[in-house]
Amino acid sequence: KPKKKSGWYWIIVLVALGIFASFGILVWPKGETDDPAVIAVMSDLNFDLPNGVKLEMKKISAGTFMMGSPEDERGRFEEEVQHQVNLTNDFWLGQYEVMQAQYEAVMGTNPSKIKGNDLPVDGVSWDDAMAFCEKLNTLYADDSTLPAGYQFTLPTEAQWEYACRAGTTGMFYDGTSTISENGAT
């Protein structure tokens, strides 16, 4: 059985290129929310999808970070001007990309070319991904697992980068900035 991998690097590349071959989701406030003190003590969220499929969401605390790449970073795109971003609300991000079993449990179909329940769903458009989120919002509208005032949606580029950086400032997820530091070949 293939192991689930986070695929953060590939998600960032896909989002940057505007391609939604696979996608991740998040729970984000919409309108009035639970008391911030209640949200602050909440941890990860786990949802039971139809057919016994699980959806695990990791809590990402609000914070400030430098988005983009420094001018001297290898492989940097010109439009990656580094700037400070302040995310004012905690949010929950899918622990993994949306897997085929999750997508099929919610949407009733699996558009992926290479099939496998534990593989990320692919072949979905932005509209398909938003429809998936809307179905989740309908499924959990009256569920106490979803914090009051929060909804499922797609993450912004800033939310992705903030979660992927996880407090680091280097080029790679572990805070390093060169291939030799990171150990990649």
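See the structure printed just above.
Here the structure is a predicted model, which is why all the values come from computation and not from measurement.

## Details of the overall build of the protein chain
Then, number 1: Looking only at helices and strands, the protein chain has 6 helices and 7 strands in total.
Then, number 2: Counting from the amino terminus, helix and strand elements in the protein chain follow one another as α-β-α-β-β-β-β-β-α-α-β-α-α.
Then, number 3: Of all 185 residues assigned to the protein chain, the portion counted as buried reaches 38%.
Then, number 4: In the protein chain, the proportion of contacts linking residues at least 24 apart, taken out of those at least 6 apart, comes to 66%.
Then, number 5: Element-wise, carbon and sulfur atoms account for 53% of the exposed surface of the protein chain, whose accessible area totals about 10700 Å².

## Brief notes about the pattern of salt bridges
Then, number 1: Considering all chains together, one arrives at 4 salt bridges under this definition.
Then, number 2: Between Asp-48 and Lys-54 there is a salt bridge, and its shortest N-O distance comes to 2.5 Å.
Then, number 3: For Lys-54, a relative accessible area of 48% corresponds to the partly exposed category.
Then, number 4: The shortest N-O distance in the salt bridge between Lys-59 and Asp-90 comes to 3.4 Å. A residue pair is termed long-range when its members are at least 10 positions apart, and Lys-59 in strand β3 (residues 54-60) and Asp-90 in the loop between β5 (83-87) and β6 (91-94) qualify at 31 residues.
Then, number 5: Residue classification places Lys-59 among the buried residues on the basis of a relative accessible area of 17%.
Then, number 6: Given the relative accessible area of 14%, Asp-90 is considered buried.

## So, the packing of helix α3 (residues 100-107) against helix α4 (residues 126-139)
Then, number 1: Interhelical geometry of α3 versus α4 gives an angle of 65° and a closest axis separation of 10 Å. The crossing of α3 and α4 is left-handed. Contacts from Gln-102, Tyr-103, Val-106 and Met-107 in α3 reach Asp-128, Ala-131, Phe-132, Lys-135, Leu-136 and Leu-139 in α4.

## Some points on the environment of Met-130
Then, number 1: Following the sequence through the fold, Met-130 ends up in helix α4.
Then, number 2: In sequence terms Met-130 and Thr-153 are 23 residues apart; their C-alpha atoms lie 6.7 Å from each other.
Then, number 3: Once residues lying within four places of it in the same chain are set aside, the contact partners of Met-130 are Thr-153 and Leu-154.

## Things to note about the nonpolar core
Then, number 1: With 23 residues, the main nonpolar core has Phe-47, Leu-49, Leu-55, Met-57, Leu-136, Tyr-140 and Phe-152 as its most contacted residues.
Then, number 2: Contributions of two or more residues to this core are made by β2 (45-48), β3, α3, α4 and β7 (150-153).
Then, number 3: Leaving out residues up to four positions away in the same chain, Leu-49 has contacts with Lys-54, Leu-55, Gln-102, Ala-105, Val-106, Leu-136 and Tyr-140.
Then, number 4: Counting 12 residues, the second-largest nonpolar core is a separate cluster that includes Ile-60, Met-67, Leu-87 and Ala-158.

## Points about α3
Then, number 1: Taken across its 8 residues, α3 has 6 buried, putting it largely inside the fold.
Then, number 2: Here the buried face of α3 lies against β3 and α4.
Then, number 3: One or two steps after α3, the chain reaches Gly-108, where phi turns positive at roughly 80°.

## Here we look at α4
Then, number 1: Its 14 residues place the ends of α4 20 Å apart at the C-alpha level, agreeing with the 20 Å of an ideal helix rising 1.5 Å per residue.
Then, number 2: Those residues of α4 that sit buried are Ala-129, Phe-132, Cys-133, Leu-136 and Asn-137. Viewed end-on, α4 has its buried residues packed into an arc of 140°, placing them on one side of the element. Turned more than 90 degrees from where α4 packs its buried face, Asp-127 and Thr-138 sit exposed.
Then, number 3: For α4, the elements touching its buried residues are β3, α3 and β7.
Then, number 4: At the N-terminal boundary of α4, the capping side chain belongs to Ser-125, with an oxygen 3.3 Å from the backbone nitrogen of Asp-127.

The rules behind these values
Residues numbered from 1 in each chain as written. Predicted model: local features only at pLDDT ≥ 70, side-chain atom pairs only at ≥ 80, totals over all residues. Heavy atoms only, no water. Helix = DSSP H or I, 4+ residues; strand = E, 2+ residues; numbered from the N terminus. Buried < 20%, exposed > 50% of the residue type's maximum accessible area, 1.4 Å probe, protein only. Contact = heavy atoms within 4.5 Å. Areas by Shrake-Rupley, 256 points an atom, 1.4 Å probe, with all protein chains shown as cover. Salt bridge = Lys/Arg side-chain N within 4 Å of Asp/Glu carboxyl O. Axes fitted to C-alpha atoms, helices over the stretch in contact; angles between N-to-C directions. Left-handed = near helix turned anticlockwise from the far one by under 90°. Core = buried A, V, L, I, M, F, W, Y, C linked by side-chain atoms within 4.5 Å. Expected span 1.5 Å × (residues − 1). Arc of directions from axis to C-beta. Polar contact = N/O pair within 3.5 Å; in protein donor to acceptor, adjacent residues only side chain to side chain.

By themselves, these figures tell us nothing about what the structure is for.
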